[in-house]
Amino acid sequence: MTETAFRTHGAGVLTEDHVGQQVTLAGWVHRRRDLGAIVFLDLRDYEGLVQLSCDPEWTPPEVLTLASTLGAETVVQVKGEVVRRPEPGRDQKMRSRNVEVHVVSLRVLSLALTPPVPVSRKEGEELPAEERRLRYRVLDLRRTELQHNLRLRHELLQMARSTLCARGFLEIETPILTKPTPEGARDYLVPSRVHAGEFYALPQSPQIYKQLLMVAGFDRYFQIARCFRDEDLRADRQPEFTQIDLEASFVGREDVFPVVEDVLAALWRVAGHEAIGSFPQLSWHEAMERFGTDKPDLRFGLELEDWTDMVSSTDCAPFLAESLQEGRLRGIRLSEKDAVSRRELEVLTDLAKAEGAGGLLWMRRADNEWAGQGAKLLGGTFRAAMAGTVGEMLLAVSGPDRVTSPALHVVRRWLGARTAAGHEVAHAFAWIVDFPLFERDPATGAHVPAHHPFTAPHPDDVPFLTRDPGRCRAQHYDVVYNGHELGSGSIRITDATVQETIFGLLGLTPEECQRRFGFLLEALQMGAPPHGGFALGFDRIAMLLAGASSLRDVIAFPKTTAARALFEHAPTPLTDAELAAVHLALRPESE
Ligand code: ASP
């Protein structure tokens, strides 16, 4: 479609092969330079940039006059001849840098206000503040980086589709106006006009629908699904986001894994990265033990160690003895070349404290002795028992795992980022398996599903369901990549009684179960095949593969971290009449 009613060629594709040709181009005025009687314009379109030269020698006077008035971002159509440039353009990335177009006619197709955010920037010129760019998103989207990101996103989506289609997965759309699907966040609610006082919910994920499709015999489903979660504000979360969602029947996790690995390998290939292969598996427990997180970055070592047994409560500092009563001493060993400076120690201590640690213990091996604040506090028994080579450094945190794990995880992550250039692998994928089925709500202490309530318990742990739910492992699995979670999934509960038990553990009465999930429980009793699936967080994948630093850079019209759309101004207040139409009235703020 490059050749249309308005143009014969794309601007950015013109090269020396086109020299001598008469072309018609259409696009935006990227930049204008007036050199006395001569006017140079950079014309930008979907294909890129080309220089237009308006010179009295070949350009009629009225065209020259018009050219000299054109503001940035005016939409024009030009005709002229492609000519070799006396000197190639300096921008090495510009495909058309060896040619220019000698303009003979020029037509303004659409005028533009002075752009409130510039599309063309000088080298080194900073971008305007993001809020401003989101406010004028149509201009910001004209930037090369965002044009590139959205095209990559498109290619990734097509690749995900074709890979799943080739494996016999069927693309089926599920409703956007739904009954709530709990995935751990609040629902966005939509009032019904036709049924006063009743509400739809936007899907947090197509979870229940995809399970129903399995019961309905579709065997393999996928969807590029838009999901909505009304969560408290968190950096780099979007209230609506895209998942590559899939589900299959008569499968165990060993059947799901290769499908997901295939999709990811295909997506990574789109971005120019070859051969990923199958991913190593790590139990949740092992990940927490070795890395302090269930999203470990496996590009580097610096694994956590447990040094509790080396400390004697009689000769360490009393506060440490106390913290070790129900906790552990865990730490990271740094070789001499990785050792950190005093100033860096301060940074790391602040990071550990922000995760709830009392502080960061550190020591360094000098000659045959451990020296430093930690060596003193941990006492003689520890110093004698702890082996080490000269120059080595130990960083440690004491306390319960819920403190030492996150504290050492952030320390390790910081250390890993510092040595990023020395990573032996660039792409470290892994499966994290055997998650706990429940976790405790920090506020209420109640059991809540670690993921969603449709995850099947580990077959060996079903007896614990009622006796000791905290011990129950889930048939849940995540894919992690370089310290990011790319997606998660599980084998599902297909036994209505087990499903009811889980709902009961979550505090739902049998009546509430029926009211909220009766349709699922009923379907599970109509011959439900064993099934399981997965969902990949597509925005994050696109972000990582585009090398972008924010999800907002791979979404055409994103929300801010405060869940606002700055361009189109949403959410927005409604008039009383508009509210009344859906049977709603606002309560005064104070009530
Ligand atoms: N529905 C889950 C989610 O959105 C994914 C899954 O279990 O397949 O995280």
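A brief structural summary. (Residues numbered from 1 in each chain as written. Predicted model: local features only at pLDDT ≥ 70, side-chain atom pairs only at ≥ 80, totals over all residues. Heavy atoms only, no water.)

### Some points on unusual backbone geometry
No. 1: Residue Ala 570 is joined to Pro 571 through a cis peptide bond whose omega torsion reads -5 degrees.
No. 2: Among the secondary structure elements, Pro 571 is positioned in the loop between α15 (538–546) and α16 (576–581).
No. 3: The phi dihedral of Asp 367 falls on the positive side, at around 45 degrees, and the residue is not glycine.
No. 4: With a relative accessible area of 62%, Asp 367 lands in the exposed category.
No. 5: The backbone of Asp 434 sits at a positive phi, close to 55 degrees, despite the residue not being glycine.
No. 6: With respect to the helices, strands and loops of the structure, Asp 434 is situated in the loop between β17 (429–433) and β18 (438–440). (Helix = DSSP H or I, 4+ residues; strand = E, 2+ residues; numbered from the N terminus. Buried < 20%, exposed > 50% of the residue type's maximum accessible area, 1.4 Å probe, protein only.)

### Describing the pairing of strand β10 (residues 240–249)
No. 1: With nine of 10 residues buried, β10 is to be regarded as a mostly interior element.
No. 2: When strand β9 (residues 220–228) meets β10, the two strands line up antiparallel, connected through nine bridges. Within β10, the position partnered with Tyr 221 by the bridge is Glu 247.
No. 3: Sheet topology note: the β10/strand β22 (residues 531–537) ladder contains seven bridges and is antiparallel. Bridging from a neighbouring strand, Ser 249 pairs with His 531 of β22. (Pairing = 2+ DSSP bridges.)

### Structural notes on the pattern of salt bridges
No. 1: Per the counting criterion, the structure on display carries 37 salt bridges.
No. 2: Note that Arg 32 and Asp 34 form a salt bridge whose closest N and O atoms lie 2.9 Å from each other.
No. 3: Here Asp 34 falls in the partly exposed class, since its relative accessible area comes to 38%.
No. 4: The salt bridge partner of Arg 220 is Asp 219, with a shortest N-O separation of 3.0 Å. (Salt bridge = Lys/Arg side-chain N within 4 Å of Asp/Glu carboxyl O.)

### Regarding the packing of aromatic side chains
No. 1: Taken as a whole and judged by the stated rule, the model has 14 aromatic pairs.
No. 2: Relative to Tyr 481, the ring of Trp 268 lies with its centre 5.0 Å away and its plane at 75 degrees, an arrangement referred to as edge-to-face. In this pair, Trp 268 sits in helix α6 (residues 253–270) while Tyr 481 sits in strand β20 (residues 476–481), placing the two residues 213 residues apart along the sequence. We note that Trp 268, like Tyr 481, is buried. (Phe/Tyr/Trp six-rings, centres within 6.5 Å; stacked < 30°, edge-to-face > 60°.)

### Looking at the side chain of His 452
No. 1: If you trace the backbone, His 452 turns up in the loop between β19 (447–449) and α12 (464–467).
No. 2: Under the relative-accessibility criterion, His 452 is labelled buried at 9%.
No. 3: Of note is the side chain of His 452, whose polar atom sits 3.5 Å from the side chain of Gln 207.
No. 4: Residues in contact with His 452, not counting those within four places in the same chain, are Pro 182, Glu 183, Gln 207, Ser 490 and Arg 492. (Polar contact = N/O pair within 3.5 Å; in protein donor to acceptor, adjacent residues only side chain to side chain. Contact = heavy atoms within 4.5 Å.)

### Quick word on the site of the ligand
No. 1: Near the ligand there are 13 residues, and of these Glu 183, Gln 207, Lys 210, Arg 229 and Arg 492 occur at the shortest range.
No. 2: Contact distances for the ligand include 2.9 Å between an oxygen atom and a side-chain N or O atom of Arg 229.
No. 3: Here an oxygen atom of the ligand sits 2.9 Å away from a polar atom, N or O, in the side chain of His 452.
No. 4: Within the complex, the protein chains bury 93% of what would otherwise be the 270 Å² of accessible surface of the ligand.
No. 5: Taken together, the elements giving at least two residues each to the shell around the ligand come down to α5 (207–215), β21 (484–491) and β22. (Near = heavy atom within 4 Å. Areas by Shrake-Rupley, 256 points an atom, 1.4 Å probe, with all protein chains shown as cover.)

### Here we look at the sheet that holds strand β3 (residues 48–54)
No. 1: What the five strands build is a closed barrel, ordered β1-β2-β3-β5-β4; its pairing is mixed. Within this sheet the neighbouring strands show an average axis-to-axis angle of 50 degrees, counted without direction.
No. 2: As defined by bridge partners, strand β4 (residues 75–84) adjoins strand β5 (residues 99–110) across 10 bridges and the pair is classed as antiparallel. In the strand pairing of β5, Val 76 is matched with Val 108. (Axes fitted to C-alpha atoms, helices over the stretch in contact; angles between N-to-C directions.)

### A closer look at helix α7 (residues 284–291)
No. 1: Along α7, the residues that are buried comprise Ala 287, Met 288 and Phe 291. Taken down its axis, α7 places every buried residue within 100 degrees of arc, on the same side.
No. 2: Packed against the buried residues of α7 are β11 (281–283), β12 (304–306), β13 (328–334), α11 (401–418) and β17.
No. 3: Just downstream of α7 lies Gly 292, where phi reads positive at about 75 degrees. (Arc of directions from axis to C-beta.)

### Regarding a nonpolar patch on the surface
No. 1: A cluster of nonpolar side chains, contributed by Val 138, Phe 557 and Phe 567, occupies part of the molecular surface with about 250 Å² of accessible area.
No. 2: Residue placement: Phe 567 occurs in the loop between α15 and α16.
No. 3: Judged by its relative accessible area of 31%, Phe 567 falls in the partly exposed class. (Patch = residues over 30% accessible without salt bridge, like charges linked within 9 Å, V, L, I, M, F, W, Y side chains within 5 Å.)

### Section: the side chain of Arg 143
No. 1: On the secondary structure map, Arg 143 appears in the loop between α3 (137–140) and α4 (144–166).
No. 2: When neighbours within four sequence positions are excluded, Arg 143 is seen to be in contact with Val 119, Arg 121, Leu 127 and Arg 133.

### A few points about the pairing of β9
No. 1: Burial within β9 is extensive, with seven of its nine residues counted as buried.
No. 2: Of the pairings in the sheet, the one linking strand β6 (residues 170–171) to β9 comprises two bridges and is parallel in character. Across the sheet, Glu 171 pairs through a bridge with Phe 222, a residue of β9.

### A few points about the sheet that holds β20
No. 1: Taken together, eight strands build an open sheet; the order of strands is β6-β9-β10-β22-β21-β20-β17-β11 and the sheet is mixed. Whereas interior strands pair on both sides, the edge strands pair on one side only; in this sheet they are β6 and β11.
No. 2: Where α4 meets the sheet, it contacts β6, β9 and β10, and its direction lies at approximately 150 degrees from that of β9.
No. 3: Running over the sheet, α15 touches β10, β20, β21 and β22 and is turned about 45 degrees from β22.

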